[in-house]
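Remarks on the overall topology
Here's the letter readout for the chains.
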Amino acid sequence: MDKLLISGGRALRGEVRISGAKNAALPLLVSPLLADGVVTIGNVPHLQDVTTILQVLGRMGVTVTMMENNQVEIDARTLTSAVAPYELVRTMRASILVLGPLLARHGEASVSLPGGCAIGSRPVDQHLKALVAMGADIRVENGYVHGKVNGRLKGTRLVFDMVTVGGTENILMAATLAEGTTVIENAAREPEIVNLADILKAMGAKIEGAGTDTITVHGVESLHGCTHDVIPDRIETGSYLCAAAMTGGHVRTTAADPKQLDAVLLKLQEAGAVITTGPDWIDLDMQGRRPKAVSFRTAPHPAFPTDMQAQFMALNTIAEGTSTIAETIFENRFMHVPELCRFGAKVAVDGHTAIVTGVEKLQAAPVMATDLRASMSLVLAGLAAEGDTVIDRLYHMDRGYERLEEKLAGLGAQLRRISARSGS
Ligand code: EPZ
C-alpha cells in the first residue's frame, strides 16, 4: 500500500487548477446507457472511481473510448449484458446508478447491492421504493437487485423520505424515458444533480426544476447522443482552500466555480480568510494568520457539505478557540478523529457531534487513512504540522483527488509518495 510522506509547516502559495467533479462524473458517465447515440463527456478526472465505473460499463459491453484531454466517448448501443457484478460494485457503490437507466432503456437489470462502507450503512431503499412506484418489479436475492419492467416505466409523483443524491440521480435518469410525467419531491439540490439534468436535456430529455427540491420530468420515447462537460469539483476546491487557510498561505483555485460552495466560503471567511472570487476562480489569502474556530453542521446542499466536514475539522484543530461540528448525514463519519488526535489535536466526540479545542501547533505523526475525505483531513493536518508525517492506505485518497502530490507540490508543499512496490 502506497504511503504519503509530508514535511509540514510551510505556507502554501500559488495557483491550483481544479479537476472535474468525481461526484458529477460518475452519474454523467452512466447517463449514456439511456441514449441511442454516442455521448462525449469532457473534463473527466483521472480517478480510481472513474476507472471503476468505466469498467462496469465495459463489462456490460458498452463501448468506452478514452480520448486525450480528459474526454471520454461512450456508445451504449453495443450493450450486451445488463449485469453490474459484485466484484466491481463493492469497490464503488455509485455503480448502483446503472439500475435506473438499464430499467428505463432495456427493461431489466441485475445490479449487486453496494453494501455499506466505512462512513455508514448507506442503504438504497429509497432508490428501490421509487422504481417500484414507477412500475418496476424489484427482487433482492443473494446480494443482487434484480429489476424487470413490462413495457415502459410509468411516470408518477414520488416523495423521498430523506434527501438522497444518488436516489435523485437514479430516478431522474429513469424518468427521462418513462411514460408520462414524474415529479420528484424532496429532491437533492446538489450542483451534481444540475450537471446530470443538463446532459440529459442535451440528449433531448424534458426536465424542469433541477437544483430545486421538486424536479419534474416529462418522459420521451428516446434520447440521442450529445457532448457535455463535467462541472468543477467543489469538494476538491474546498479542500485546497482549507489547506491555504491552515498554513497561513495564499492560494488561487482556477477552473473552479465559486457559486457551488457558498456555505464553505462563508465559513472560511468566518475563520478569518480574505476571499475574492471571479467567474471561474477563488482566491484565499490567510495573510499569515492563524484561523479562528468555526462551528458548523452538515446538511444537504446548499448547506455545509458533509464531504467537507473532515477537512474543516482539521482546520478547527489548529484554530483559535473551540468549535462544535454536527454531522447530520452519515452515522459514522468521524473516523478521522482518532487519527487527528495522533497529531496532538483535541477532539471529543459525543454521538453525531464533535467538540474541537484548537491547539497552537500539531506534531507530525504516522497515521492511517480510513475513507476518502478523512484521508484529505490527514493530509491537511500533515501540511500544517511541524515535521514529517507519513499517511498509510493512500488508496482511499486516490479514489477522489486527481494528481494530489503534483498539485500540492505546485503550491510549495514538500511531499512524496512512498510506493509499496518499490518502497522508495
Ligand atoms: C453522494 O452519496 C456522494 N457520492 C457522497 O460523497 C456524499 O457524501 C453524499 O452524496 C451526500 O452528499 C457520490 O455522489 C458518488 P445520499 P450518496 O444518498 O448518493 C441515506 C464522497 O466522499 N440514504 O445522499 O450515496 C444515506 O444512508 C462521497 O465523495 C438512505 O437511507 O448519498 C445517508 O445517510 C461520500 N436510503 C443519506 O441518506 C437511500 O436509499 C444521504 O445519502 C439513500 C440514502
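Keep in mind that this is a model prediction, so the values were computed, not measured.

**A closer look at the overall build of the protein chain**
- A count of helices and strands for the protein chain gives 14 helices and 24 strands.
- In terms of overall dimensions, the protein chain is globule-like: its C-alpha atoms have a radius of gyration of 22 Å, near the 22 Å expected for 424 residues.
- With the C-alpha coordinates of the protein chain rotated into their principal frame, the extents come out at 65 × 45 × 45 Å.
- Long-range contacts, defined here as pairs at least 24 residues apart, represent 73% of the contacts in the protein chain between residues at least 6 apart.
- As presented, the protein chain carries roughly 15,800 Å² of accessible surface, and 50% of it is formed by carbon and sulfur atoms.

**Examining the sheet that holds strand 10 (residues 157-159)**
- Across the sheet, which stays open at both edges, the four strands sit in the order 10-11-13-12 with mixed pairing between neighbours. For this open sheet the edge positions go to strand 10 and strand 12 (206-208), each flanked by a neighbour on one side alone. Each adjacent strand pair in this sheet contributes to an overall mean axis angle of 15°, direction not counted.
- The pairing of strand 10 with strand 11 (residues 181-185) spans three bridges and is classified as parallel. What sits directly across from L158, in strand 11, is I184.

**What to know about the nonpolar core**
- Of all hydrophobic cores here, the largest spans 77 residues; its most connected members are L29, L33, L172 and L200.
- Among the elements that take part in this core, helix 1 (residues 22-30) stands out by supplying six residues, more than any other.
- Once you skip the residues sitting within four places of it in the chain, L200 turns out to touch S31, L34, L172, M173, T176, A205, I207 and L223.
- Judged by nonpolar contacts, the second largest core, of 67 residues, contains L4, I6, V264 and M397.

**Here we look at the pairing of strand 3 (residues 38-42)**
- With four of five residues buried, strand 3 lies mostly within the body of the structure.
- Two strands pair when backbone bridges link them, and strand 3 and strand 14 (residues 226-229) are joined in this way by four bridges, in the parallel orientation. Paired with V39 across the bridge in strand 14 is C226.

**Looking at the pattern of salt bridges**
- In this structure the tally under the stated criterion is 22 salt bridges.
- A salt bridge links D49 to K22; the shortest N-O distance between them is 3.8 Å. Taken together, the residues span a long stretch of sequence, with D49 in helix 2 (residues 48-59) and K22 in helix 1 at a distance of 27 residues. By the burial criterion, D49 is buried, and K22 matches it.
- Here E405 makes a salt bridge to R417, at a shortest N to O gap of 2.7 Å. With E405 in helix 14 (residues 404-409) and R417 in strand 24 (residues 414-418), the pair connects residues that are twelve residues apart, well separated along the chain.
- A network of salt bridges, in which partner residues are shared, links D2, D398, E405 and R417.

**Notes on helix 7 (residues 191-202)**
- In a regular helix each residue adds 1.5 Å, so twelve residues correspond to 16 Å; helix 7 covers 17 Å between its end C-alpha atoms and thus fits that length.
- When helix 7 is considered as a whole, its buried residues turn out to be P191, E192, I193, N195, L196, A197, I199 and L200.
- Backbone geometry just downstream of helix 7 places G204 in the positive-phi region, at approximately 110°.

**Some words on the confidence of the model for the protein chain**
- Per-residue confidence for the protein chain gives a mean pLDDT of 96, with 99% of residues at or over 70.
- Here helix 3 (residues 86-89) is the element of the protein chain with the lowest mean pLDDT, 86, and strand 13 (residues 214-218) is the one with the highest, 99.

**Looking at the side chain of E169**
- Here E169 shows up in helix 6 (residues 165-175).
- Of the buried charged residues, E169 lacks a salt bridge, with R234 as the closest side chain of opposite charge at 8.3 Å.

**Some details on unusual backbone geometry**
- Here the residue pair H301 and P302 is connected by a cis peptide bond, since its omega of 15° sits within 30 degrees of zero.
- Looking at where P302 falls in the secondary structure, it is placed in the loop between strand 18 (296-297) and helix 10 (309-317).
- In this model, N43 sits at a positive phi of 60°, which is unusual for a non-glycine residue.
- Judged by relative accessible area, N43 falls into the partly exposed class, the value being 25%.
- Positive phi, normally seen in glycine, also occurs at R403, with a value near 50°.

**Overview of the packing of aromatic side chains**
- Scanning the entire structure with this criterion turns up three aromatic pairs.
- Grouping aromatic residues by their ring pairs yields a cluster made of F296, F304 and F312.
- The ring of W281 carries the charged tip of R252 above its face, separated from the ring centre by 3.8 Å.

Analysis parameters
Residues numbered from 1 in each chain as written. Predicted model: local features only at pLDDT ≥ 70, side-chain atom pairs only at ≥ 80, totals over all residues. Heavy atoms only, no water. Helix = DSSP H or I, 4+ residues; strand = E, 2+ residues; numbered from the N terminus. Rg over C-alpha atoms; globule rule 2.2 N^0.38 Å. Contact = heavy atoms within 4.5 Å. Areas by Shrake-Rupley, 256 points an atom, 1.4 Å probe, with all protein chains shown as cover. Pairing = 2+ DSSP bridges. Axes fitted to C-alpha atoms, helices over the stretch in contact; angles between N-to-C directions. Core = buried A, V, L, I, M, F, W, Y, C linked by side-chain atoms within 4.5 Å. Buried < 20%, exposed > 50% of the residue type's maximum accessible area, 1.4 Å probe, protein only. Salt bridge = Lys/Arg side-chain N within 4 Å of Asp/Glu carboxyl O. Expected span 1.5 Å × (residues − 1). pLDDT = per-residue confidence, 0-100. Lys, Arg positive; Asp, Glu negative; His and termini not counted. Phe/Tyr/Trp six-rings, centres within 6.5 Å; stacked < 30°, edge-to-face > 60°. Lys NZ or Arg CZ within 6 Å of the ring centre and 35° of its normal.

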